[in-house]
Amino acid sequence: MDKIKIGIPRALHYYYYKDLWKTFLEELGCTIIISPETTNETLERGKKIANDEMCLSLKIYLGHVSYLESRCDYILVPRIDNYGTYEQTCTNFLGLFDIVSNLFTNKLLTYNIDEAHHQTEQNAFIKLGLALGKGKEQSILAYQNSKQKEEKQRKQKRKNEMKKLESNNPKLLIISHPYNLEDPYIGKTIKEILKNLQVEYINGEYLIDHKTIQNSTKLSPNLYWKYNKELIGTIEEWKQKIDGILFLTTFPCGPDSLVNELMIRKIKIPHLNLIIDEESGSAGIETRLESFIDILGQTTK
Amino acid sequence: MKKGYLGIDIGSISTKGVILDENNQILESSYIWTEGNPIEAVKRLLKELQNKTKDITIYGIGTTGSARKLIGLMVDADVVKNEITAHAIGTTQFYKNARTILEIGGQDSKIILLKDGIITDYAMNTLCAAGTGSFLSSQSKRLGVEIEDFGTLALKSKNPVKIAARCTVFAESDLIHKAQVGYQKEDIIAGLCRSVVLNYLNNVGKGKKIEEPIVFQGGVSKNKGVVKYFNEILKTEVIVDPNSHLMGAIGIAIMAHQKQSKTPKNLKILDISFETKGRECEGCSNHCEILRIYKDHKFIESWGSKCGKVS
Amino acid sequence: MGDYAVPAHFLLSHIVRNKIIKPKPITTKTIEIGTKYSPEFVCTPFKYTLGTMIEGIEEGANILIQAGGGCRYGYYAELQEQILKDLGYNVKLYNLVTAGTTDIKRIYKIMKEIDPKFSILKGIYYGSITKKMIQYMDHIDHYIRANIGFEIEKGSFQKLKWQMLKDFENVKTHTKLRRLYKKYKKEFQKIKTNKPNKTIKIGIIGELYTIMEPYSNYELERTLASMNIEIKRYTDVSYLLFQKHKKIKQYLKNTSEYITYQMGADAADNIGRAKELCIEGYDGIIHIKSSFCTPEIGAMPVLTKVCADYQVPIIFFSFDINTSEVGIQTRLEAFYDMLEMRKKNEKRISRN
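How each quantity is defined
Residues numbered from 1 in each chain as written. Chains lettered and ligands numbered in written order. Predicted model: local features only at pLDDT ≥ 70, side-chain atom pairs only at ≥ 80, totals over all residues. Contact = placed C-beta atoms within 7 Å. Helix = DSSP H or I, 4+ residues; strand = E, 2+ residues; numbered from the N terminus. Nonpolar A, V, L, I, M, F, W, Y, C, P; charged D, E, K, R; others polar. Pairing = 2+ DSSP bridges. Axes fitted to C-alpha atoms, helices over the stretch in contact; angles between N-to-C directions. Expected span 1.5 Å × (residues − 1). Buried ≥ 20, exposed ≤ 12 C-beta atoms within 10 Å, placed from the backbone. Domains from an automatic or database assignment. Parallel < 35°, antiparallel > 145°, perpendicular 65-115°, else oblique. Left-handed = near helix turned anticlockwise from the far one by under 90°.

**Q** Please clarify how the interface of chain C and chain A should be interpreted in this entry.
**A** How big an interface is tends to be stated in terms of accessible area lost as the parts join. Contact residues are listed per partner, giving 34 residues for chain C and 32 residues for chain A. Looking at the side of chain C that touches chain A, the elements with two or more residues in it are helix H4 (76-86) and helix H13 (294-310) of chain C. If one sorts the elements of the side of chain C that touches chain A by residue count, H13(C) sits on top with 8 residues. Here the side of chain C that touches chain A is built from residues that sort into 19 nonpolar, 11 polar and 4 charged.

Encoded structure:
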């Protein structure tokens, strides 16, 4: 029997769960097809399908889904609502499965995480395994293995990132959802510019640890978006070690529009708020980053 | 004396007028610039039409376009309707089976989908001027080309330049950049025409099923370059009527005809004074801009009050 | 928000001893102030509410109370308080809802902070009257919406409603409130209308703030009424506070061929309503929201599909502070014409 081919859009969730998915699905004997890295064409595809007002990251996501259509048996589109009442996701993540299922005809593979209503990640993955025709035991085992592997990889990434905090170059903490910073279309030029400017940039996402979320309440007690909580928690935790912060977001991200604004008003660290939209030319970004790093260099001396 | 029906389409850039006969065929038409003053423009328009039509008595008047309400009051119109409906009615008079109307005017653009002469869906772009007539004419000035020659020049190009056209500001800076880098003028012009089409299809036309027959109208439909790229991108032939710029006026004239008014109209408005006076109301912190309209020095109506208590 | 300032004021003025400042109706100035101090791409209600708060503070308020949740609305308060602080206003801002849930204990704590003598019994008593008041108001509004377009003497519905709200402000007991409601219900029914048998009926769905605050939707309902259109809308405070938790399950069940999950705020509700309106034979649907309202943006592709399946026209409006009023008018008129043409055509076909 042919292996089941599962398409994974290289966008949004992918940057959080790629390691987990890869181990889990391969252990259950599936072939995975990941859409290629974002290019201008991906965005153009996405724009044709997306609603004008959707955020850039979602437009890119839809572009990736469109690429995978008819290239696989299923496309994996999870629905992640929350990891508890005070750890919710943005409404695009809530609606994603239903948005995709109404815009495309391809068969979808999905799971739902809603811990506030007792839908845990483990349960969700067991159901996912069952949907693929695998047994419960096998699915639990695969999940636990993937979770262990994921944890190991996370720890390694964190270790590498922590080393950067000891660098002698100006240290810049980047507060950005991984699907923005790590997406080539959005983040690549920014990383290159920073490298050329000899800035040590630290990816906030990689610093996240189990206690990071608690730290966030010091900066914003009522915040209830998991991904933003984790990111701003790293500010609180490492503010002594860094010289500046780069807030990187896509237009018009709902949670970031509020959270980043609050951070900018509260923190006393030099910062730059970079908002990327479809028309952002790299020249404009370069100028802004350069002048920001100049200021940073002056204040740290 | 023949019976005639007058339709006036007052847009922000141009003002169009037609007189139709009993069979809804065009007897006379006129096309002039609005020049920011719709009242004066309509007076000029009517003078032109009157000079051409000595033996016609007008039995119905309709107004459409962005100044439809104001001019409707001025000429005492039988029908005042929005331009979407007017365009649909005008077009189906000549193309009974038309399924799609693409319209690009001076300041806005629309798409209208029809089935059996009935509008089934439409969209309109009012926010951004990118890809409309005024954008094209400002760019032609920048490039030192007459807007009338724009289309012909575009047809000469073999390699249209890619231009970012989602927004006028970006399109303009991109255009300057491309010109500085040294691209051929006709390639830039062709690129502009192409970007108008892409921009239109991606914004106004987004998610709309464009089915044949497709009729393309509005001022920009006179631009052969834009027509070419519509054909190329939609992979079909769009129809451009010789009177494509008059469709709104024709549509509203037909609607005026349908009213079956028995009394002839007096077109003496040319001699009547018609004035508007704006003022800011200080009644509350809304500071509504109130527009008061006077005909023959008599106050007839006022617009703009949010609370409805002030006139 | 709309006329709900009346019950809100009623409740607070009875349960705490503080002086209550009623928010002024939203005007151009409110929006100017709100926009000036808001981040660029927050959704529009943020700007409206911030403007209202600053106007309230200038009138002397030093405690502000807000209730909202379900999307980023729930996080407004924290940022707004910071913005007000940065502007030099020393105020306390309370949001009664956190993370989309209402915690009774938390509310009690907040009330105690506002007035240490806050009594829970009084709170429950006046709370229950307020609940009834809101429900009565919403009942009456449903009736008004279906009929105001056909009133013979222009303004008669609005005038009677203002009078009713004024009387509501002064009630003290359930009995008095009920009596008033019955009296006004009769009087509303007495208002003469010339409603034909077959009217054009439109359902309004969308994002809750834009629906409930007439200023933010450019008085959409008033405009539709002036075109003699019968209107149905679902979203009101009664729905959000007392019906939503039950209704949403029903909506999800009824629309299982389109959606599986909730999509944030009222997005899934609106999909359920759209299908309901289609089945009930409404001529068209108008979907309104403020710009950048994420849950509703997500619902839009689904709504388009539902309406295409049932062949009921739908039109989308996204309101920003800069939306051109002329453009709205033109598109609404064209929508009306389209529905009218379809209706005539249906008749023609059924006759043949």
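Back to the text.
**Q** Explanation requested: the interface of chain B and chain C in the structure shown.
**A** Between chain B and chain C, the residue contacts involve 16 residues of the former and 17 residues of the latter. Taken together, the elements giving at least two residues each to the side of chain B that touches chain C come down to helix H3 (83-94) and strand E8 (118-125) of chain B. Each residue belonging to the side of chain B that touches chain C can be placed in one class, and the counts come to 6 nonpolar, 8 polar and 2 charged.

**Q** How do you make sense of the sheet that holds strand E3 (residues 200-206) of chain C when you look at a structure like this?
**A** Two strands in a sheet stick together by hydrogen bonds in their backbones, pointing the same way (parallel) or opposite ways (antiparallel). All names here are of chain C. Judged by pairing direction, the sheet is parallel, and its 4 strands sit side by side in the order E4-E3-E5-E6 without closing on themselves. The sheet terminates laterally at strand E4 (229-233) and strand E6 (314-319), the two strands that pair on one side only. This sheet shows a mean twist of 25° between the axes of neighbouring strands, independent of strand direction. Two strands pair when backbone bridges link them, and E3 and strand E5 (residues 284-290) are joined in this way by 5 bridges, in the parallel orientation. From the neighbouring strand, isoleucine 202 faces E5, where its bridge partner is glycine 284. Sheet contacts for H13: E3, E5 and E6; angle to E6, the most-contacted strand, approximately 165°.

**Q** Quick question: what am I supposed to make of helix H12 (residues 267-279) of chain C here?
**A** Owing to its 3.6 residues per turn, the α-helix brings residues three or four apart onto one side. The end-to-end C-alpha distance of H12(C) is 19 Å, a good match for the 18 Å that 13 residues give at a rise of 1.5 Å each. By the criterion of burial, H12(C) is predominantly enclosed, with 10 of the 13 residues buried. Within the span of H12(C), buried status applies to C:Ala267, C:Ala268, C:Asp269, C:Asn270, C:Ile271, C:Gly272, C:Arg273, C:Ala274, C:Lys275 and C:Leu277. Contacts made by the buried residues of H12(C) are with helix H4 (91-103) of chain A together with E3, helix H11 (237-254), E5 and H13 of chain C. Of the residues trailing H12(C), C:Gly281 is marked for its positive phi of about 85°.

**Q** Is there a simple way to explain the domain arrangement of chain B in this structure?
**A** Under the domain assignment used here, chain B contains domain 1 (2-90 + 249-271), domain 2 (96-240) and domain 3 (274-303). Of note, the centres of domain 2 of chain B and domain 3 of chain B, computed from C-alpha atoms alone, are 38 Å apart.

**Q** For this particular structure, what's the right way to read the environment of C:Gly203?
**A** Residue and element names in this part refer to chain C. Counting through the fold element by element, glycine 203 comes out in strand E3. Owing to 23 C-beta atoms within 10 Å, glycine 203 belongs among the buried residues under this scheme. Along the chain, glycine 203 and glycine 284 lie 81 residues apart, while their C-alpha atoms are 6.6 Å from each other.

**Q** Would you explain the environment of C:Pro45 in this entry?
**A** All names here are of chain C. Its place among the elements puts proline 45 in helix H3 (residues 44-58). For proline 45, a count of 23 C-beta atoms within 10 Å corresponds to the buried category. Spatially, the C-alpha atom of proline 45 lies 27 Å from that of glutamate 113, the residues being 68 residues apart in sequence. Setting aside residues no more than four positions away along its own chain, proline 45 makes contact with Tyr73, Tyr209 and Ser290.

**Q** What is the right way to look at H3(C) in this model?
**A** Residues and elements named next belong to chain C. The terminal C-alpha atoms of H3, which comprises 15 residues, lie 22 Å apart, in line with the 21 Å expected from a rise of 1.5 Å per residue. Of all the residues in H3, the buried ones are Thr44, Pro45, Phe46, Lys47, Tyr48, Thr49, Leu50, Gly51, Thr52, Met53, Ile54 and Glu55. The inward-facing, buried residues of H3 contact helix H2 (28-36), strand E1 (63-66), H4, helix H9 (208-212), E5 and E6. Of the residues trailing H3, glycine 60 is marked for its positive phi of about 115°.

**Q** How do you make sense of the packing of helix H7 (residues 185-202) of chain B against helix H8 (residues 224-234) of chain B when you look at a structure like this?
**A** The geometry of a pair of packed helices is captured by two quantities: the angle between their axes and the separation between those axes. Residue and element names in this part refer to chain B. Packing of H7 against H8 leaves a shortest axis separation of 8 Å and a crossing angle of 55°. Considering the angle they form, H7 stands oblique to H8. As for the relative orientation of H7 and H8, their crossing is right-handed in sense. Two secondary-structure elements touch here, H7 through Ile189, Ala190, Cys193, Arg194, Val196, Val197 and Leu201 and H8 through Gly225, Val226, Tyr229, Phe230 and Ile233. Its residues assigned to classes, the contact of H7 with H8 comprises 10 nonpolar, 1 polar and 1 charged.

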